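Inside the fold
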Amino acid sequence: MKILVAVKRVPDFKTSVRLKADGSGIETVNVKMSINPFDEIAIEEAVRLKEQGTAKEVIVVSIGDVALQEILRTALAMGADRALLVRTEEEVQPLSVARILAAVVQKEAPQLVILGKQAIDSDNNQVGQMLAGLLNWPQGCFASRLRFEGAGLQVTREIDGGLETLALSLPAVITTDLRLNEPRYISLPNIVQAKRKLLEVLPLETLAVSLSCGMKVLKLSVPEKKRNAVRVENAAELVRLLKEEAKVL
Ligand code: AMP
């Protein structure tokens, strides 16, 4: 089985996100960038499936500018076999990402595509579902466990109020939730070895995908600060404050 894993470069989860002065997006200059944490979990799962003998090849793909080579090398050091950078300098919205990934799927013919459930910079939570829709493949989103059975796959997913298990036929699309696995640390020999693995750069124009998707981000702004909260000692104090000081807004 061939597995395709989609990875996005985002501000590291330990940095605090800042907006550009004109509100046109998130500041990325002088900001530590990393692989989206859910995508790291996707790589880890794919590499484990290869180590167990379930998968034969793991390909990682990212869409964006040349700076993405850094995260693709990290994915190769985690154990992916080869990497694909679909190069574009333009901003790509979720539907365009899904269309580009669908074109990569046509080219590579994987049996499984694993994505993160959401990118932590935009929190869209859309690409996996859109990709499954475009390909007309079954989808298992927010996966916390994968189990291969015969020719199919059982996916346990985290839903409101509990866990749900779905049986999917392959090919399929999976998106990862936090509890699926804990990504490995990368050893120095693996970093050195990753430098010798294939990283192919594919100009977006070669895929003949339209980037027009009917959606444009007009402006981002920081949410208003919450008004000061007051802690009360007991119910009587709460009732007194509600009677005497609470105002209808
Ligand atoms: P989103 O729907 O934007 O929250 O992203 C969900 C998932 O889609 C991410 O966790 C990635 O696996 C994938 N993805 C989003 N944007 C990109 C991108 N530019 N390149 C590759 N994969 C992406």
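Quick note: structure is the one above.
**Re helix α2 (residues 69–78)**
Of the residues making up α2, those classed as buried are I71, L72, A75, L76, A77 and M78. A positive phi of about 130 degrees marks G79, the residue just after α2.

**Considerations on the site of the ligand**
As a matter of local geometry, the ligand sits amid 18 residues, with D39, A119, N125, Q126 and V127 nearest to it. In this structure, V127 approaches the ligand through a main-chain N or O atom, which is 2.8 Å from an oxygen atom. Broken down by secondary-structure element, the contributors of at least two residues to the shell around the ligand are β4 (57–64) and β6 (112–116). With 3 residues, β4 is the largest single contributor of residues to the shell around the ligand. Grouping the constituent residues of the shell around the ligand by class yields 8 nonpolar, 8 polar and 2 charged.

**A short note on the nonpolar core**
Most often, soluble globular proteins have nonpolar side chains that are buried together. Counting 36 residues, the largest nonpolar core has I3, V5, I43, V60, L112 and I174 as its most contacted members. Residue contacts for I174: discarding those within four places in its chain leaves L112, V113, I114, L115, G140, A143, L146, L153, V155 and L168.

**Things to note about a nonpolar patch on the surface**
On the surface, L188, I191 and V192 cluster together into a nonpolar patch covering about 270 Å² of accessible area. Structurally, the position occupied by L188 is in helix α5 (residues 188–194).

**A look at the pattern of salt bridges**
Counted under the stated rule, the structure contains 19 salt bridges. Between K8 and D121 there is a salt bridge, with its nearest N and O atoms 3.1 Å apart. With a gap of 113 residues between them, K8 in the loop between β1 (2–6) and β2 (9–11) and D121 in the loop between β6 and α4 (127–135) connect regions that are remote in the sequence. On the basis of relative accessible area, K8 is assigned to the partly exposed category, the value being 34%. The partly exposed category is assigned to D121, whose relative accessible area is 23%.

Calculation notes
- Every chain begins its residue count from 1, and numbering advances along the sequence as written.
- In view of the model being predicted, local features appear only for residues whose pLDDT reaches at least 70, and side-chain atom pairs are presented and counted only at 80 or more, with totals across whole chains, interfaces and linings using the full set of residues.
- Only hydrogens and water are set aside; all other atoms, that is, all heavy atoms of the structure, feed into the side-chain values.
- Think of it in three bands: residues with accessible area under 20% of the maximum for their type are buried, residues over 50% are exposed, and the middle band is partly exposed, with areas taken using a 1.4 Å probe on protein chains only.
- In DSSP terms, a helix is any run of H or I states spanning at least four residues, a strand is any run of E spanning at least two, and both are numbered starting from the N terminus.
- Summary of the distance rule: residues count as near a molecule or strand when at least one heavy atom falls within 4 Å of that molecule or strand.
- We define a polar contact as two N or O atoms separated by no more than 3.5 Å, with the added condition that, inside protein, one atom must be a possible hydrogen donor and the other a possible acceptor, whereas residues neighbouring each other in sequence contribute only through side-chain atom pairs.
- Any residue outside Ala, Val, Leu, Ile, Met, Phe, Trp, Tyr, Cys, Pro, Asp, Glu, Lys and Arg is labelled polar, Gly included; the first ten of those are nonpolar and the last four are charged.
- As used here, the term nonpolar core means buried Ala, Val, Leu, Ile, Met, Phe, Trp, Tyr and Cys residues forming a set that is joined through side-chain atoms within 4.5 Å.
- The criterion used for residue contact is that any of the two residues' heavy atoms lie within 4.5 Å.
- For patches, a residue must show more than 30% relative accessible area and have no salt bridge; joins then use 9 Å for like charges and 5 Å for nonpolar side chains, namely Val, Leu, Ile, Met, Phe, Trp and Tyr.
- Exposure was quantified through the Shrake-Rupley algorithm and a 1.4 Å probe, taking into account, for residues, occlusion by the shown protein chains and nothing else.
- Any Lys or Arg side-chain nitrogen found within 4 Å of a carboxyl oxygen on Asp or Glu counts as a salt bridge.

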